[in-house]
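# Structure at a glance
Okay, here's what each chain looks like letter by letter:
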Amino acid sequence: MNREPAQALRILMSPASLKQLGGEVADVMGVRPYELLALDEAVAMQRTDADVAFISREVTGTSTKHEIHPALQQVYDLLRQSPGLKWVHIHSAGADRQIYQDLRDKGVQITTSSGANAQVVATVALAGVLALARKFPMLWAEQQARQWIPMMGPRMPRDLPGQTATIVGWGPIGQQLGRLLQALGLNVVAVRQKVCPLVYGQFNAPVQANTVVQVTFDDLHDVLPRTDWLILACPLTDKTLQLVNAPALAALPPGAHLVNVARGEVVDQDALVSALQSGHLGGAFLDVFAHEPLPPESPLWAMPQVMVTPHAAGHSDGNEARVRQMFLDNLRCWTSGQPLCNAVGSN
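Numbers given to residues run from 1 along each chain, matching the order in which its sequence is written. Given that the model is predicted, a residue must reach a pLDDT of at least 70 before its local features are reported, and side-chain atom pairs must reach 80 or more before they are shown or counted; all residues, however, enter totals for whole chains, interfaces and linings. To obtain the side-chain values, all non-hydrogen atoms of the structure were included, while hydrogens and water were left out.

### As for helix α1 (residues 15–29)
Residues lying three or four places apart along an α-helix face the same way, a consequence of the helix completing one turn every 3.6 residues. Of all the bends in α1, the largest measures some 60° and sits at Leu21. Residue burial is assigned from relative accessible area. The probe radius is 1.4 Å, only protein chains are included, and a residue is buried under 20% of its type maximum, exposed over 50%, and partly exposed in between. Numbering of helices and strands starts at the N terminus; helices are DSSP runs of H or I of at least 4 residues and strands are runs of E of at least 2. Buried within α1 we find Ser17, Leu21, Gly22, Val25, Val28 and Met29. The contact criterion used throughout is that any non-hydrogen atoms of two residues lie within 4.5 Å. Against the buried residues of α1 lie β1 (9–13), β2 (34–38), β3 (52–55), α3 (57–60) and α12 (319–336). Within two residues after α1, Gly30 carries a phi angle of roughly 60°, on the positive side. The reported bend at a residue is simply the angle between two axes, fitted to the 7 residues ending at it and to the 7 residues beginning with it.

### Topic: the packing of aromatic side chains
Stacked, tilted and edge-to-face are the three classes assigned to paired rings of Phe, Tyr and Trp, where Trp is represented by its six-membered ring and a pair needs centres within 6.5 Å; plane angles under 30 degrees give stacked, over 60 edge-to-face, the rest tilted. Tallying each qualifying case throughout the model produces three aromatic pairs. Geometrically, the ring pair formed by Phe54 and Phe327 is stacked, given 4.5 Å between the ring centres and 10° between the ring planes. Highlighted residues: Phe54 in strand β3 and Phe327 in helix α12, separated in sequence by 273 residues. Residue classification places Phe54 among the buried positions, given a relative accessible area of 0%. Geometrically, the ring pair formed by Trp87 and Trp334 is stacked, given 5.3 Å between the ring centres and 25° between the ring planes. Highlighted residues: Trp87 in strand β4 (residues 87–90) and Trp334 in helix α12, separated in sequence by 247 residues. Trp334 gets classed as partly exposed once you look at its relative accessible area, which sits at 24%.

### Focus: the sheet that holds strand β11 (residues 281–286)
Pairing between two strands is assigned when DSSP locates at least 2 bridges connecting them. The parallel open sheet is built from seven strands, whose spatial order is β8-β7-β6-β9-β10-β11-β12. Whereas interior strands pair on both sides, the edge strands pair on one side only; in this sheet they are β8 (212–216) and β12 (306–308). Going from strand to strand, the sheet's axes swing by 15° on average, the running direction of each strand aside. Across four bridges, strand β6 (residues 164–168) lies against strand β9 (residues 229–232) in parallel orientation. Paired with Ile167 across the two strands is Ile231, which belongs to β9. For helices, the fitted line uses only the C-alpha atoms of the stretch in contact; every axis is such a line through C-alpha atoms, and the angle between N-to-C directions lies from 0 to 180 degrees. Against the sheet, helix α6 (residues 118–133) contacts β9, β10 (256–260), β11 and β12, and its axis sits at roughly 150° relative to β11. Along the sheet, helix α8 (residues 172–183) makes contact with β6, β7 (187–192), β8 and β9, crossing β6 at roughly 175°.

### Brief notes about the nonpolar core
As used here, the term nonpolar core means buried Ala, Val, Leu, Ile, Met, Phe, Trp, Tyr and Cys residues forming a set that is joined through side-chain atoms within 4.5 Å. Counting 35 residues, the largest nonpolar core has Val168, Leu232, Leu258 and Leu281 as its most contacted members. Put simply, the parts of the chain that give this core at least two residues each are β7, β8, α9 (220–223), β9, α10 (246–251), β10, α11 (269–278) and β11. Considering every element that reaches this core, the biggest residue donor is α11, with five residues. The next biggest cluster of nonpolar side chains, apart from the first, holds 26 residues, and it includes Ala125, Ala133, Leu160 and Leu181.

### Quick notes on unusual backbone geometry
Each neighbour pair has its own omega, and for Glu292 with Pro293 the value is 0°, a cis peptide bond. Along the chain, the position of Pro293 falls in the loop between β11 and β12. At Gln46, a position not held by glycine, the phi torsion is positive, near 55°. Along the chain, Gln46 turns up in the loop between α2 (39–45) and β3. Judged by relative accessible area, Gln46 falls into the partly exposed class, the value being 44%. Of note, the phi angle at Asn342 is positive, near 60°, even though the residue is not glycine. Tracing the backbone shows Asn342 in the segment after α12.

### Some remarks on the state of the cysteines
Cysteine sulfur atoms are paired as a disulfide whenever they fall within 2.5 Å. A full pass over the atoms with the stated rule returns zero disulfides. Considering cysteine sulfurs only, Cys341 is the nearest to Cys333, which forms no disulfide, with 5.2 Å between them.

Structure below.
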């Protein structure tokens, strides 16, 4: 009995990824037929026949989800117009760009690179905590003004050991950050979807040193009054959209700090500005914003107790290799019919 030859799997990726991964994709595919499509050529020729796409960082480039450059928009249009597209792997840990929601609505499976930059983001968040705790923004401004003012009286920094950090989101970033903060002597509260009572203590229950107290999102307001550091490391979902609003900020003790390495929309930015201007919040380290780039007229730029970075917490020279390996591992799963890792919407 004659069999029809297997159809080649058409894989779409950037020219840079094609050059870097061509040999490794060949190893993964083995004898299975496949075709590598360069994104720039596919856009130019309107090749809408891809089955799989790998969206690496150089594809999105300096575009944000709010301001999409024309070249990236052409890629998005091509993906939307590809009727046979079945799976897209993306370089980011979050999949909250509209394009990915649109593709999912069409039945395309989206996988993320969650975990690839977890250590980097966790250490950046830690750097934000340390910088604010030691009042580096103030000291930096005084250095620029050539002022020598001893750290005494009301300028005296508080000891970090014994303070409480509430980490919203207990994925790879939150867990790594939790360990780092515990090593510095902070108490750690994790806010997550589900609590694991057999492993971790419950809020207001006796816990041993170096344990993490876990609460659900519904209990967030119960832990805010004792939170010195509110650290956001969660995905943007319907549940986390503007989770940190005016009542949440007001529930924090005076002088508390906010660190956001999650998504800007998790915070009501107007309420945040008000809490900072009133002095209720002691300071903030912000890597993400409600609109990116952060508009020049935003008051956050000029606040002396605020540190602004351009959504850069996950950037490092080793991240691209980790993302590529995640794609290759998932491609191996795809070709063998195994479940994909970091699939959006999977349990």
